[in-house]
Amino acid sequence: MDAELLLNNGVRMPALGLGVFQSSAEDTADAVATALEVGYRHIDTAAAYLNEHQVGEGFRRSGLARDAVFLETKVWVTDYGHDETLHAFEKAVRKLGVDQLDLLILHQPIPERFDRTVAAYLALEELLADGRVRSIGVSNFTPAHLDALLERTTVVPAVNQVELHPYFVQPELQAADRAHGILTQAWSPIGGITFYPGWGEERRSVLADLTIAAIAADHGRSPAQVMLRWHLQQGRSAIPKSTNPQRIRENFEVFDFALSPEELGRIDALDTGVRSGPDPDVVRAERFERVIPED
């Protein structure tokens, strides 16, 4: 298992990244700086997280060269459309304090307004052709959404970032991504522990799962480390979120042990088919009430 993954356009991406969803502006810069000090070289953020400024601050604080860190961000739905998405790129690089993004993805498929989704993706293709982004992709796209997008666009997404953890494995989606040459990237990779109001209130934390606890005990590791290793050994990218320095470090210490095929299978078998986060096919008009600020 390599610490880097090769995307379908030849760009190499660190397999493990730090996620900053629901990280407060006050905590984000410190978390990013800590992660980069520990050894992470991939940071995932989004316009809708309202912390791109702080991600940029944490990156600059690290003193690392620009080409040493893979920066990934997302366009929010209120910035969909061709010209709007080009402007969303300008907002993102201004906030991050960089000239080029390593990966820019669409945050949601928005099937009820798919024409605008397609227009946004065509703008991503333009940014890619111009060299302003190194790779492009999508998030929360189902196989049906991918098929609909590919019928009307040219560039196959490099990445599809989706909810994926041992209780929600999405085997059909993973198979569709593989068939298209798209890398599956897991958000909520250690078990749906991030709270989404109105979704998954009855969910169980995978961190408390007895099967994973037993595997972790056998390896002298934490449940989170076992789950991240499960992702990496199966060829996925994972972006665990934490602002706790000890957990940030622990989550990165997953490259010096291996799970057996039997252990991987036991974790796969925990799948419930139940989401902890929002269903991308459910219409939620409130998404369009969020306007991404200029600065």
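Keep in mind that this is a model prediction, so the values were computed, not measured. (Residues numbered from 1 in each chain as written. Predicted model: local features only at pLDDT ≥ 70, side-chain atom pairs only at ≥ 80, totals over all residues. Heavy atoms only, no water.)

Thoughts on the packing of aromatic side chains
Part 1 of the argument: Enumeration according to the criterion identifies three aromatic pairs in this entry.
Part 2 of the argument: Aromatic side chains Phe-21 and Tyr-49 sit 5.2 Å apart centroid to centroid with 55° between the ring planes, which places their arrangement in the tilted category. Of this pair, Phe-21 sits in the loop between β3 (18-19) and α1 (25-38) while Tyr-49 sits in the loop between β4 (42-44) and α2 (52-62); the two residues are 28 residues apart in sequence, bridging distant segments of the chain.
Part 3 of the argument: What makes Phe-21 partly exposed here is its relative accessible area of 23%.
Part 4 of the argument: Residues Phe-252 and Phe-255 carry aromatic rings whose centres are separated by 5.5 Å and whose planes lie at 65° to one another, so their mutual orientation is edge-to-face.
Part 5 of the argument: An aromatic cluster of at least three residues, connected via ring pairs, comprises Tyr-40, Phe-252 and Phe-255.
Part 6 of the argument: Seen from the ring of Phe-288, Arg-113 lies directly overhead, with NZ or CZ sitting 3.6 Å from the centre. (Phe/Tyr/Trp six-rings, centres within 6.5 Å; stacked < 30°, edge-to-face > 60°. Helix = DSSP H or I, 4+ residues; strand = E, 2+ residues; numbered from the N terminus. Buried < 20%, exposed > 50% of the residue type's maximum accessible area, 1.4 Å probe, protein only. Lys NZ or Arg CZ within 6 Å of the ring centre and 35° of its normal.)

Focus on the environment of Glu-90
Part 1 of the argument: One can find Glu-90 in helix α3 (residues 82-96).
Part 2 of the argument: The class for Glu-90 is partly exposed, based on a relative accessible area of 34%.
Part 3 of the argument: Each C-alpha atom, one on Glu-90 and one on Gln-100, is 9.8 Å from the other, the two residues being 10 residues apart in sequence.

Observations regarding the packing of helix α5 (residues 143-150) against helix α6 (residues 171-180)
Part 1 of the argument: It is at 9 Å that the axes of α5 and α6 come closest, and there the two elements cross at 25°. Taken together, the axes of α5 and α6 lie roughly parallel to each other. Residues Pro-143, Leu-146, Asp-147 and Leu-150 of α5 touch α6, and the partners they reach there are Glu-172, Leu-173, Ala-176, Asp-177 and His-180.
Part 2 of the argument: In terms of residue class, the contact of α5 with α6 is made up of five nonpolar, one polar and three charged. (Axes fitted to C-alpha atoms, helices over the stretch in contact; angles between N-to-C directions. Parallel < 35°, antiparallel > 145°, perpendicular 65-115°, else oblique. Contact = heavy atoms within 4.5 Å. Nonpolar A, V, L, I, M, F, W, Y, C, P; charged D, E, K, R; others polar.)

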